[in-house]
Amino acid sequence: MTLRLIREPTVDGATLGCLFIDGAFFGFTCEDAVRERPGVPVETWKIPGATAIPAGKYRVVLSQSQRFKRLLPEVLHVPGFLGVRIHRGNGPSDTEGCPLVGTGRTMGKVTGSAVAETRLMELLKDQTNVWLVVENPPLEG
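Computed from a predicted structure; not experimentally measured.

**Brief notes about the overall build of the protein**
What the protein contains, in helices and strands, is two helices and 10 strands. Counting from the amino terminus, helix and strand elements in the protein follow one another as β-β-β-α-β-β-β-β-β-β-α-β. What you see for the protein is a C-alpha radius of gyration of 14 Å, in line with the 14 Å of a compact globule of 141 residues. For the protein, the C-alpha atoms occupy an extent of roughly 40 × 30 × 30 Å along the three principal directions. Sorting the 141 residues of the protein into buried and exposed places 42% on the buried side.

**What to know about the environment of Ala114**
Position of Ala114 among the secondary structure elements: in helix α2 (residues 113–124). A sequence separation of 44 residues divides Ala114 from Arg70, and the C-alpha atoms of the two residues are 13 Å apart.

**Quick word on the sheet that holds strand β5 (residues 70–75)**
The sheet built from eight strands is open, its strands ordered β6-β5-β4-β10-β1-β2-β3-β7 with mixed pairing. Edge positions in the sheet fall to β6 (84–85) and β7 (100–102), since each has one partner strand and no second. Bridging between strand β1 (residues 2–7) and strand β10 (residues 130–135) involves five bridges; their strand directions are parallel. Within β10, the residue paired with Leu3 across the bridge is Leu132. Sheet contacts for α2: β1, β2 (15–21), β3 (24–31), β4 (56–65), β5, β7 and β10; angle to β5, the most-contacted strand, approximately 75 degrees.

**Structural notes on the layout of surface pockets**
Each pocket or cavity is described by its volume, and for the largest pocket that value is around 240 Å³. Considering only residue class, the lining of the largest pocket consists of six nonpolar, four polar and five charged. A breakdown of the residues in the lining of the second largest pocket according to their chemical character gives six nonpolar, two polar and three charged.

**A word on the nonpolar core**
The tendency in soluble globular proteins is for nonpolar side chains to be buried side by side. Formed by 24 residues in total, the largest nonpolar core has its most connected members in Leu3, Val75, Leu120 and Leu132. If you list the elements that add at least two residues to this core, you get β1, β2, α1 (42–45), β4, α2 and β10. Counting residues in each nonpolar core, the second largest holds seven residues, with Leu16, Cys30, Leu100 and Val110 among its members.

**Observations concerning the side chain of Asp32**
Note that Asp32 resides in the loop between β3 and α1. Only 2.9 Å separates the side chain of Asp32 from the backbone nitrogen of Gly97, close enough to count as a polar contact. Look past the residues within four positions of Asp32 in its chain and what remains in contact with it is Gly13, Thr15, Gly49, Ala50, Thr51, Ala52, Pro92, Thr95, Glu96 and Gly97.

Reading guide: rules and limits
Residues numbered from 1 in each chain as written. Predicted model: local features only at pLDDT ≥ 70, side-chain atom pairs only at ≥ 80, totals over all residues. Heavy atoms only, no water. Helix = DSSP H or I, 4+ residues; strand = E, 2+ residues; numbered from the N terminus. Rg over C-alpha atoms; globule rule 2.2 N^0.38 Å. Buried < 20%, exposed > 50% of the residue type's maximum accessible area, 1.4 Å probe, protein only. Pairing = 2+ DSSP bridges. Contact = heavy atoms within 4.5 Å. Axes fitted to C-alpha atoms, helices over the stretch in contact; angles between N-to-C directions. 1 Å grid on protein atoms, 1.4 Å probe; cavity = no way out; pocket = protein on both sides within 12 Å on 5 of 7 lines; lining within 4 Å. Points joined across faces, edges and corners; volume = space filled by probe spheres on them. Nonpolar A, V, L, I, M, F, W, Y, C, P; charged D, E, K, R; others polar. Core = buried A, V, L, I, M, F, W, Y, C linked by side-chain atoms within 4.5 Å. Polar contact = N/O pair within 3.5 Å; in protein donor to acceptor, adjacent residues only side chain to side chain.

It is worth stressing that arrangement in space is one thing and function is another; only the former is reported here.
Structural data, given as structure tokens:
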């Protein structure tokens, strides 16, 4: 199973996007600002708690979150990040680099996040080979 997160340009610290599962639209996403500079080490551009994960392809597993006290999708081996989860929340203040999922969106936020997280967990519960592909918006200029 492949989750594909296609990001839009960051606006006022929020990065909205769309999430597709095996090519079918699933819902919307919200993340912190994309600060990535290709070819530059993460530690030089990451602002802890305010930066989206780097674009790339990552393995996803379901595991118990100590912070959220429930089973959630964990994004593994993200350069410069630990404990990345796909979870509910509305805007950048609800995340520290993790993609938030929602059924709708508004200015810089997603809505219906609890419903989206529940739907996502239902789809992932029996999967053993899950990947997340994160795509940055095209560079301007």
